[in-house]
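Here are the chains, one letter per residue:
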Amino acid sequence: MLRSIRWKLALSLLLIVVVSVGLSSFLIGMGTQREFKEYVASCDQMYTTSVTKFLSDYYKTTGGWKNVDKLLAQQLTSADERLVLSDGGGIIVADTGGEWVGKNAKDVGLSQFVAVSNLNQAIGRLYPLSCDCSGIASSLGRSCSTTSIVYTGAEQDFLKRTNNYLWMIGLLTAAVALFLGWVLTRQITQPIHALKKGAQQLSSGEMNYRVPVAARDELGELAKSFNSMADSLDKMEQSRRHLTADIAHELRTPLTVIEGTVDGMLDGVFAPDKEHLNWIKEQTGLLTRLIEDLRDISQAEAGQLKLNIMRTNLVELIERKVSHLQIRAQEKEINLKLLTGVRVAEVEVDPVRMEQIVNNLLTNAIRHTPRSGNITVSVDKQPADNKYMPGKPGVLVSVADTGEGIPPEHLERIFDRFYRVESSRAKEEGETGLGLAIVKQMAEAHGGRVWAESTVGAGSTFFVFVPADKTSKVNPA
Ligand code: ADP
């Protein structure tokens, strides 16, 4: 039971309610009693003062205490009271209880009194008593001292009732607080239960499960975060499934070709000549490239791609790559040229990875540009307030071709793994479908970015922005 958060909250609440209600009832009770005591004492003081004044006047008028008992009886304010009067020597001259007349006050146990005086001469002693305490030992007049007050029956009743009310109010408040607390804790525990259920569903593979977002408080925020986490997990799971399917598919094509060729040679359909062996070699080369590309991408995605960063002249590197690929461009009579706005673009990069970027963009451009088309590579320096990566100076490399172009609906996705605009044609040429995904991962690993602009029928331009740190040297051409 104590493992449930609702019970824990309810028990904490119970403890708080019991302690606070108990303490406040106790303190209010104490305060009421003290105030009531003082109130009663001041009333008694006024009462005894008026009675002694009356007695003094009586004495002055009659010259003694004769027949004073009747008058004393008239002074009683309640049936609980008893007034005893003695003369100056302590001999009782009147007793509303009709018991002690003629006796010495000390002998009947009376000690506390209020003096009755006339012209500064003590003429008598008044002993106000409570009927409840008529026993000798406790028959003390209460008005002599506020600390030794003995309440009358009515007063005791009043105090008892007040105390009972206080405890009743306390218990009622505690019960209401507990009920409300139990209902309110449900509001906290319900979303927590929903989250727990959501986590269990996700871990059991139910990736579509989402938690209801009921409130706008922190728990609502938590539910929202949980749902967006579930969304990304779902996406990741889907992309993992697609990736596995894509890899299996991509591996199957060259393997089928190899298997078919070898089978053909074994069955005597193909001669084991140079042409067929080259064909097999080409397919194994494709498999190797595919595996290497996949390894690079997964390392880059996991942030584990090791970059061998060194000061590199990007212009020289691109010039080299362009001249390597000139032969392939010329085979298609493509005019491949390099325009550079800078002479030296020395940046801190991994030259091998940079070459991979330029190579992939250029081979794509050559493949997608028709005969006699144009490919223009440019390298330009960018100041810190550039629009591509605001706040970072860098070098912008672009590869523009006059190829078939890429429809806008594909433009966003061409950097995804295995994404092809026309899958059949690309497969024919034996490409891996990972070229642009690698370009993207490599550019991002350098802190840069890559993007493309294209017009169908007119051509495409691919851009790579490489940030250059403060020490990098970029000289105008
Ligand atoms: P692939 O190995 O198939 O070329 P990439 O990742 O390099 O894979 O490219 C993804 C897709 O983007 C290609 O299938 C192609 O349709 C499209 N693409 C890439 N470069 C160009 C380009 N210069 N012009 C037109 N389409 C291109």
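Computed from a prediction, not measured in an experiment: that's the story for all the values here.

Draft legend 1. Structural view of unusual backbone geometry. Despite not being glycine, leucine 119 shows a phi value in the positive range, around 50°. Its place among the elements puts leucine 119 in the loop between strand 3 (114–118) and strand 4 (121–130). For leucine 119, a relative accessible area of 80% gives the class exposed. At phenylalanine 418, a residue that is not glycine, the phi angle is positive and equals roughly 60°. Along the polypeptide, phenylalanine 418 turns up in the loop between helix 8 (408–411) and helix 9 (423–428). The exposure class assigned to phenylalanine 418 is buried, which follows from its relative accessible area of 10%.

Draft legend 2. Quick peek at the site of the ligand. Taken together, the neighbourhood of the ligand is formed by 20 residues, with Asn364, Arg367, Asp401, Gly433 and Leu436 sitting nearest. Within the backbone of valine 421, a nitrogen or oxygen atom sits 3.2 Å from an oxygen atom of the ligand. Separating an oxygen atom of the ligand from a backbone N or O atom of glycine 435 is a distance of 3.4 Å. Surface burial for the ligand is 98%, taken as the share of its 530 Å² of free accessible area covered by protein chains. Looking at the shell around the ligand, the elements with two or more residues in it are helix 7 (351–368), helix 10 (435–445) and strand 11 (459–467). With four residues, helix 7 is the largest single contributor of residues to the shell around the ligand.

Draft legend 3. Just the pattern of salt bridges, in detail. Summed over the entire model, instances satisfying the criterion amount to 19 salt bridges. As a salt-bridge pair, glutamate 237 and arginine 240 come within 2.9 Å of each other at their nearest N and O atoms. With glutamate 237 and arginine 240 both in helix 4 (residues 218–266) and three residues apart, the pair spans about one turn of that helix. Relative accessible area serves as the criterion here: at 47%, arginine 240 is assigned to the partly exposed category. For aspartate 416, the salt bridge goes to arginine 413, with nearest N and O atoms at 3.4 Å. Given the relative accessible area of 42%, arginine 413 is considered partly exposed. Via salt bridges that share partners, Arg82, Asp95 and Glu99 belong to a single interconnected network.

What counts, and at which threshold
- Residues numbered from 1 in each chain as written.
- Predicted model: local features only at pLDDT ≥ 70, side-chain atom pairs only at ≥ 80, totals over all residues.
- Heavy atoms only, no water.
- Helix = DSSP H or I, 4+ residues; strand = E, 2+ residues; numbered from the N terminus.
- Buried < 20%, exposed > 50% of the residue type's maximum accessible area, 1.4 Å probe, protein only.
- Near = heavy atom within 4 Å.
- Polar contact = N/O pair within 3.5 Å; in protein donor to acceptor, adjacent residues only side chain to side chain.
- Areas by Shrake-Rupley, 256 points an atom, 1.4 Å probe, with all protein chains shown as cover.
- Salt bridge = Lys/Arg side-chain N within 4 Å of Asp/Glu carboxyl O.

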